[in-house]
Amino acid sequence: MLLPVRIVDARVIVTCPGRNFVTLKIVTDEGVTGVGDATLNGRELSVAAYLTEHVIPTLIGRDPARIEDTWQYLYRGAYWRRGPVTMSAIAAVDTALWDIKGKVAGLPVYQLLGGRSREGVTVYGHANGDTVDDVLTAVASYVDLGYRAIRVQTGIPGLPVTYGVGKDKLFYEPADAAIPTESAWSTERYLSFIPSVFARVREEFGPTLKLLHDVHHRLTPIEAARLGRSLEPYALTWMEDPVPAELQEGFRLIRQHTTTPIAVGEVFNTIWDCEQLIREQLIDYIRATVVHAGGITHLRRIFDLAALHHVRSGSHGATDLSPVCMAAALHLDLAIPNFGLQEYMRHTPATDEVFPHGYHFADGYLHPSEAPGLGVDIDEDLAAKYPYRPASLPVNRLEDGTMHNW
Ligand code: CS2
Ligand code: MG
């Protein structure tokens with residue numbers, strides 16, 4: 001009788017090639033390894049400790065092939081369910097076990113998820129600038145790179161800084177200090193300015209380029225309804241995170257007033273965070289990610305629920321999700337029937353060196369690796385050269401000092 005394979009080692013690797021990443025590596029007694037992203041921007045060490053102290057001891061001796069049972073064990077066994085720390089830790093284990101399963105089967109993970117449903121994964125990049133002219137230049141550069149969809153973020157006249165406008169044109173990292181930096185916000189300035197930005201972009205680039213915009217949780221439902229209506233002439237693919245999404249029914253009010261599509265979900269951690277939004281078709285794209293929503297196993301469940309309600313995927317893919325998460329996301333993106341878009345904020349060369357991977361960009365698509373498993377790894381020797389550096393996301397206040405949403 002064949003003895004079942006066992007997990008014999010699992011370790012957390014924290015590295016900072018320009019920004020912090022947390023990676024879980026699992027090793028079987030056959031010497032097969034799998035990796036999972038466990039990065040939670042600004043709270044990296046919380047997930048690292050959760051894995052090291054509370055998860056890894058329970059993994060040693062388990063059968064790595066039992067992905068679902070391990071997921072259920074870690075979810076139900078935690079007692080304290082849900083939340084970004086717990087679900088990022090579970091995600092890392094789940095992702096690493098899918099990597100192992102693919103390697104053992106000799107197949108890229110997308111083949112285990114039902115095979116290709118498309119030739120490539122359409123991605124969107126981030127065009128941003130302090131001024132509208134800078135934005136137009138940035139959009140042109142992404143068009144030249146071959147992107148078929150482009151997110152547009154701009155500075156707001158009268159506000160010194162605002163979300164989404166980076167110092168660098170290709171890379172954007174908001175976690176910029178150990179103690180949160182503070183920025184000021186004015187909804188009035190924002191709502192009165194944004195429509196003119198998209199009017200200029202449409203005038204310059206025509207009516208069919210897919211354009212997106214991230215509101216980043218900063219409005220109330222009625223303000224978001226006003227924004228959505230004011231953007232209707234510019235036919236956005238989506239406006240993202242218009243309001244904080246704890247109150248899922250709040251989106252009914254936005255829906256009553258505007259046809260601008262809505263994308264929400266990068267901060268969601270389980271299907272329960274979005275079940276009402278999806279069931280009532282209050283959103284058009286669900287942006288949950290592999291690393292923050294419980295891994296491939298759980299994210300597939302979310303996408304399958306979304307498919308029943310005309311909702312498509314639009315997974316988060318910012319620089320603070322490692323190439324391990326991006327690699328895993330691409331296998332799901334390639335296989336699911338209701339794929340929408342994949343965010344692709346490029347990683348820096350230093351990050352790509354620490355995380356060698358086989359996915360590649362061509363003609364506006366990302367193509368996952370054909371290697372068995374996820375097609376990504378972590379160079380632990382190189383990772384060790386980049387020690388953790390405390391970094392927090394900014395906070396945001398209204399002009400009168402009231403705490404707001406960043
Ligand atoms: C943003 C992110 O990419 C996005 O849509 O919302 O940049 C987000 O601000 C960061 O991932 C937070 O760490
Ligand atoms: Mg966002």
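Under an unreviewed UniProt entry, the name given to the chain is D-galactonate dehydratase family protein, and the source organism is Luedemannella helvata.

Tell me about the overall build of the chain, and name the residues and values.
Summing up its helical and strand segments, the chain has 13 helices and 15 strands in all. With respect to the three principal axes, the spread of C-alpha positions in the chain is 70 × 45 × 45 Å. Carbon and sulfur atoms provide 55% of the accessible area of the chain, an area that totals close to 16,000 Å². Positive and negative charge centroids in the chain, built from 36 and 49 side chains respectively, lie 4 Å apart.

Hey, could you go over the sheet that holds strand β3 (residues 33-37) for me, with residue numbers and the actual values?
Read across the sheet, three strands follow the order β1-β2-β3 without closing on themselves; strand pairing throughout is antiparallel. Both outer strands of the open sheet, β1 (7-15) and β3, are each paired with one neighbouring strand and no more. Taken over all neighbouring pairs, the strand axes of this sheet differ in orientation by 20 degrees on average, direction set aside. Inspection of the sheet shows β1 paired to strand β2 (residues 21-28) by eight bridges, in the antiparallel sense. Residue pairing for β2: Val-14 is matched across the bridge by Val-22.

Can you explain the nonpolar core? Please cite residues and give values.
Judged by nonpolar contacts, the single largest core of 120 residues is most densely connected at Ile-26, Phe-251, Ile-286 and Ile-302. Tallying contributions element by element places helix α11 (residues 323-335) first for this core, with ten residues. Every residue in contact with Ile-26, bar those within four places of it in the chain, is listed here: Ile-7, Asp-9, Ala-10, Val-32, Thr-33, Gly-34, Leu-59, Val-93, Ala-96, Leu-97 and Ile-100. Among the nonpolar cores identified, the runner-up in size contains seven residues, and Tyr-124, Ala-149, Leu-212 and Ala-263 belong to it.

Help me get a handle on the side chain of Thr-39, residues and values and all.
Examined against the element boundaries, Thr-39 turns out to sit in the loop between β3 and α1 (44-59). Since its relative accessible area comes to 0%, Thr-39 is described here as buried. Of note is the side chain of Thr-39, whose polar atom sits 2.6 Å from the side chain of Asp-37. Beyond its immediate sequence surroundings of up to four residues, Thr-39 is in contact with Arg-19, Asn-20, Phe-21, Val-22, Glu-44, Val-291, His-292 and Asp-320.

Describe the coordination of the magnesium ion (ligand 2), with residues and values.
For the magnesium ion (ligand 2), every protein donor is listed as Asp-214 (OD), Glu-240 (OE) and Glu-266 (OE), and the spread of their distances is 1.9 to 2.2 Å. Motif for the magnesium ion (ligand 2), donor spacing along one chain: D-x25-E-x25-E. You can see Asp-214 sitting in strand β7 (residues 210-214) and its partner Glu-240 sitting in strand β8 (residues 238-240), a full 26 residues away along the chain. Among the residues examined, Asp-214 registers a relative accessible area of 3% and is labelled buried.

So what's going on with the environment of Glu-30? Which residues, and what values?
Relative to the elements of secondary structure, Glu-30 occurs in the loop between β2 and β3. Considered as a pair, Glu-30 and Arg-6 are 24 residues apart in the sequence and their alpha carbons are 8.1 Å apart.

Just give me the short version of the site of ligand 1, but keep the residues and values in it.
In the vicinity of ligand 1 lie 15 residues, with Asn-41, His-216, Glu-240, Glu-266 and Glu-343 positioned nearest. Contact distances for ligand 1 include 2.8 Å between an oxygen atom and a side-chain N or O atom of His-216. A distance of 2.9 Å is found between an oxygen atom of ligand 1 and a side-chain nitrogen or oxygen belonging to Asp-320. Surface burial for ligand 1 is 95%, taken as the share of its 340 Å² of free accessible area covered by protein chains. Its atoms largely coinciding with the cavity grid, ligand 1 occupies the largest pocket. Partitioning the shell around ligand 1 into residue classes produces four nonpolar, four polar and seven charged.

Procedures and definitions
Residues numbered from 1 in each chain as written. Chains lettered and ligands numbered in written order. Predicted model: local features only at pLDDT ≥ 70, side-chain atom pairs only at ≥ 80, totals over all residues. Heavy atoms only, no water. Helix = DSSP H or I, 4+ residues; strand = E, 2+ residues; numbered from the N terminus. Areas by Shrake-Rupley, 256 points an atom, 1.4 Å probe, with all protein chains shown as cover. Lys, Arg positive; Asp, Glu negative; His and termini not counted. Charge placed at Lys NZ, Arg CZ, Asp CG, Glu CD. Pairing = 2+ DSSP bridges. Axes fitted to C-alpha atoms, helices over the stretch in contact; angles between N-to-C directions. Core = buried A, V, L, I, M, F, W, Y, C linked by side-chain atoms within 4.5 Å. Buried < 20%, exposed > 50% of the residue type's maximum accessible area, 1.4 Å probe, protein only. Contact = heavy atoms within 4.5 Å. Polar contact = N/O pair within 3.5 Å; in protein donor to acceptor, adjacent residues only side chain to side chain. Donors = N, O, S within 2.8 Å, 3.2 Å for Na, K, Ca; no water. Near = heavy atom within 4 Å. 1 Å grid on protein atoms, 1.4 Å probe; cavity = no way out; pocket = protein on both sides within 12 Å on 5 of 7 lines; lining within 4 Å. Sits in = over half its atoms within 2 Å of the grid points. Nonpolar A, V, L, I, M, F, W, Y, C, P; charged D, E, K, R; others polar.

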